[in-house]
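Observations on the three-dimensional arrangement
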Amino acid sequence: MRKAVLKLALIGLAVVSPTAAGERFGAYQRTIAGHGPIAVQFGPGGDLYVLEQDRHRVVVYDAEGTPRRTLGTFGSDPGQLQRPAGLAVATDGSVFVSDTGNQRIVRFDPDGRGGGVWGSFGTGDGQFRAPRGLAVTDARIYVADSANHRIQVFDRDARFITAFGGYGTGPGQFIEPVAVAIAGDGSVLVTEAGNSRVQVFDPDGQPRATWGDWGFFPGTFSRPGAIAVHGERVYVVDQGNHRVQVFDLAGTVQYEFGLHALRPRQGEGHLHYPDAVAISADGSQAVVGEYFEDRVQVFGRETAEEAERRRRIYRPVISAAAPHFGPRCDVQDELLAVSSPEAQQVLLYDIRPPDPILVHSFGRLGTGSGQFLAPDAVLLEPKARRLLVADTGNRRLNAFHLDHDAQADIKHRPGLSRMARSLDLATASGPDGAPVSAAALAGGPERSVYLLSRATAEVLLLDGNWKVRQRFGGYGTAAGSFRNPSDLALSPDGQRLYVVDAGNHRVQIFDPQGAPLGSFGQRGTRPGQFLQPFGIAIAADGTVFVSDVDLHRIGAFSPEGTPLHNWGGRGIGAGQFLRPRGLDVDPAGRVMVVDHGNHRIQIFNQKGGFLRAFGPRLFVLPTREATVQEE
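Of the regular secondary structure elements, the protein holds three helices and 52 strands. Expected size for 631 residues packed as a compact globule is a radius of gyration near 25 Å; at 23 Å, the protein falls within 12% of this value. Across its three principal axes, the protein shows a C-alpha extent of roughly 65 × 50 × 45 Å. Within the span of the protein, comprising 631 residues, buried residues form 61% of the whole. Of all intrachain contacts in the protein linking residues separated by at least 6 positions in sequence, the fraction that spans at least 24 positions is 46%. Accessible surface computed for the protein: about 23,700 Å², of which carbon and sulfur atoms make up 49%.

Among the structural elements, Asp 145 can be located in strand 13 (residues 140-145). Separated by 179 residues in the primary sequence, Asp 145 and His 324 have C-alpha atoms spaced 28 Å apart. Ignoring sequence-local partners within four residues, the contact set of Asp 145 consists of Gln 127, Phe 128, Arg 129, Ala 130, Pro 131, Arg 150, Gln 152 and Pro 177. In terms of polar contacts, Asp 145 uses its side chain to reach the side chain of Asn 148, at 2.9 Å.

A few words now on the packing of aromatic side chains. Enumeration according to the criterion identifies 29 aromatic pairs in this entry. Where Phe 154 meets Phe 160, the ring centres are 6.0 Å apart and the plane angle is 75°; that geometry is what we call edge-to-face. On the accessibility criterion, Phe 154 (1% relative accessible area) is buried. Ring-pair connections join several aromatic residues into one group, and the members of that group are Phe 545, Trp 567, Phe 577, Phe 604 and Phe 610.

Time to look at the environment of Val 298. Relative to the helices and strands, Val 298 is located in strand 28 (residues 295-303). For Val 298 and Arg 30, which are 268 residues apart along the polypeptide, the C-alpha to C-alpha distance reads 5.4 Å. Here Val 298 is in contact with Ala 27, Tyr 28, Gln 29, Arg 30, Ile 32, Gln 285, Ala 286 and Val 287, once residues within four sequence places are set aside.

In this section: the sheet that holds strand 35 (residues 396-402). Strands sit in the order 33-34-35-36 across an open sheet of four strands; the sheet is antiparallel. Pairing within the sheet leaves two strands with one partner each, and these edge strands are strand 33 (375-381) and strand 36 (417-424). With direction set aside, neighbouring strand axes in the sheet form an average angle of 20°. Here strand 34 (residues 386-391) runs beside strand 35; their pairing, made up of six bridges, is antiparallel. Looking at strand 35, one finds that Leu 388 is bridged to Ala 399.

Chain-level statistics for the protein give a pLDDT mean of 91 and a share of 94% at 70 or above. Scored below 50 in pLDDT, residues 316-321 shows one contact in the model against residues more than four places distant or in partner chains.

This paragraph deals with the sheet that holds strand 16 (residues 177-182). Sheets are built from strands paired through backbone hydrogen bonds, the pairs being either parallel or antiparallel. Strand order in this open sheet of four strands is 16-17-18-19, and the pairing throughout is antiparallel. A strand with exactly one partner marks an edge of an open sheet, and here the two such strands are strand 16 and strand 19 (207-211). Pairs of neighbouring strands in the sheet enclose a mean axial angle of 20°, with direction left out of account. Judged from the five bridges that link them, strand 16 and strand 17 (residues 188-192) form a sheet pairing that is antiparallel. Bridging from a neighbouring strand, Pro 177 pairs with Glu 192 of strand 17.

Before going further, it helps to spend a moment on the pairing of strand 43 (residues 506-510). The element strand 43 is largely enclosed, with a buried count of five among its five residues. Taking every second residue as pointing to the same face, both faces of strand 43 are buried, with Arg 506, Gln 508 and Phe 510 on one and Val 507 and Ile 509 on the other. Sheet topology places strand 42 (residues 497-501) next to strand 43; five bridges connect them, and they run antiparallel. What sits directly across from Leu 497, in strand 43, is Phe 510. Here strand 42 folds back onto strand 43, and the loop between the two strands holds four residues, one of which, His 505, carries a positive phi near 55°.

The grouping of Leu 262, Leu 618 and Leu 621 at the surface amounts to a nonpolar patch, some 210 Å² of accessible area in total. Secondary-structure assignment places Leu 618 in helix 3 (residues 617-620).

Another point: the side chain of Glu 458. Locating Glu 458 in the fold gives a position in strand 39 (residues 458-462). In this structure Glu 458 comes out as buried when scored by relative accessible area, which is 5%. Here the side chain of Glu 458 touches Thr 456 through a polar contact of 3.0 Å, side chain to side chain. For Glu 458, the residues in contact, after removing those within four places along its chain, are Gly 430, Pro 431, Val 436, Leu 451, Leu 452, Ser 453, Arg 471, Phe 472, Gly 473, Gly 474 and Phe 482.

Attention shifts here to the side chain of Gln 297. Within the secondary structure layout, Gln 297 lies in strand 28. At a separation of 2.7 Å, a polar atom in the side chain of Gln 297 contacts the main-chain amide nitrogen of Gly 269. A polar contact of 2.8 Å, which involves the side chain of Gln 297, links it to the backbone oxygen of His 270. Residues contacting Gln 297, with those up to four places away along its chain left out, are Tyr 28, Arg 30, Thr 31, Gly 267, Glu 268, Gly 269, His 270, Leu 271, Ala 286, Val 287, Val 288 and Glu 290.

Bringing the pattern of salt bridges into the picture now. Where charged atoms from two side chains of opposite charge approach closely, those side chains can pair. Taken as a whole, this structure holds 35 salt bridges when the rule is applied. For Asp 155, the salt bridge identified is with Arg 159, shortest N-O distance 2.9 Å. Arg 159 gets classed as exposed once you look at its relative accessible area, which sits at 51%.

On to unusual backbone geometry, then. A positive phi angle, near 55°, is found at Arg 223, a position not held by glycine. Within the secondary structure layout, Arg 223 lies in the loop between strand 19 and strand 20 (224-230). By relative accessible area, which is 29% here, Arg 223 ends up partly exposed.

The rules behind these values
Residues numbered from 1 in each chain as written. Predicted model: local features only at pLDDT ≥ 70, side-chain atom pairs only at ≥ 80, totals over all residues. Heavy atoms only, no water. Helix = DSSP H or I, 4+ residues; strand = E, 2+ residues; numbered from the N terminus. Rg over C-alpha atoms; globule rule 2.2 N^0.38 Å. Buried < 20%, exposed > 50% of the residue type's maximum accessible area, 1.4 Å probe, protein only. Contact = heavy atoms within 4.5 Å. Areas by Shrake-Rupley, 256 points an atom, 1.4 Å probe, with all protein chains shown as cover. Polar contact = N/O pair within 3.5 Å; in protein donor to acceptor, adjacent residues only side chain to side chain. Phe/Tyr/Trp six-rings, centres within 6.5 Å; stacked < 30°, edge-to-face > 60°. Pairing = 2+ DSSP bridges. Axes fitted to C-alpha atoms, helices over the stretch in contact; angles between N-to-C directions. pLDDT = per-residue confidence, 0-100. Patch = residues over 30% accessible without salt bridge, like charges linked within 9 Å, V, L, I, M, F, W, Y side chains within 5 Å. Salt bridge = Lys/Arg side-chain N within 4 Å of Asp/Glu carboxyl O.

Encoded structure:
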């Protein structure tokens, strides 16, 4: 499949020609501010529906962009939502929302009242694991059940009809389906983030066609997201390439719109990890939602010549020297490891110089040995001279041997790593038969590994031979259960395992065998409270640091969970964040935070004093004027 990239790229370059006739979207019109817009949809009356994940609600705007009403509040009761991810508006005005945090679908009546809910956590018919995109016809409801790698189909009364898909790379299989749309002839179009493609099915789920592959040329994708069909055109959000691509119904690329934002907060037609797209009924407007930037941009039509004039001014520069960091990092001794999912690579930095130096990078797209489909969690084991990498798309845990010499000159070393072993996580299925995922890793005694599986909401303890010796957790709200767990860390003395239970807004503490010892945190914005906790790290003295994606801050806690202090806030300056995620503490006691939305890693002392930052130059420059604290 991957060998087709070059061929598709050449075809795409031939199609996206400045001489192509007709009008297209691309003329920026205005911006609507939001709070984590993750999905957009036009309603039957022309109103714009925007699903705000951070506020757990749908906001309805009129044609002028003025908010008219909201649907939903935070919670788990009927009509309430928790971190929703998908939206569809039926022709009768009914609104359907993928209530991802509650693992269900919520329906609102045309008058805005909560009209019903269905679904629960699991793998059975009518159950979900991270439901996302939705599509609604007069007779059916299609749901992208992303972590179960399938599409479920229901009638309009929420009765289960069928499901199709299953994990894999072949026709009719999926790796993380995220969005679904219905064409005029009833065809079902599905985007897959993991396989970087669009698949087309008949209404009953039989495969008809497949188009796309991983890449940055026209016709290829980097984590495609939302999809919309309007007339004879298909609009696909190409998230990692910061654009919207437009195809005909046969999958031939026609053009693209949206310019890659190179400067922090750049807008007015520039896109930064777009998530959502919708086309107005009359075809005069396209709206694009950007979760990272808290905004929805509205585009009008322009001629091909006008689009080409703009692109002559804007010439994107692709630089391997300034990669976008993934959500997680790990620090051991003088090395920092961080994934770069967009490049399908893992990066190693030597953190001893004032500005860390990239000494090694490895990986490429694929399913073979040493190849990746979205590398994520990393774990350095310097005594064993190895690095563990969780490959989420391939559902594997990989071990790489590191030929690292701390006494050698600090420079880039191409041959530093080599593949050592791999574990197919399908062999460690959960109680319901669902394969585990590797959302986070933590090192245990005698080369054992704690593996956090978000898909099955549990923690697995693997021994030195990667055999499952213990597992605990499960989906729920009780002590010892999890909802959307995101990270874990073992205390320096090895006696406490801390797990970030994001969906329950808490951190849970366990003994090494998985017995609950306590928890701390609750939903809120005050010290010691969380809105969306994500990463966790523990200093040598036992101080616990937790990142909060929605509050854009880091909180420090005692080993028992007593709040000590916090720092941060939304922004681009030194000590400010845009949706911080993974973090770790180095041997010198410095706290290193993946400032994910700002494409950089910031380094602090344990009181939150800013020390320095590294990453792409334009995102690091705003920190240079800061008063650097003593290390």
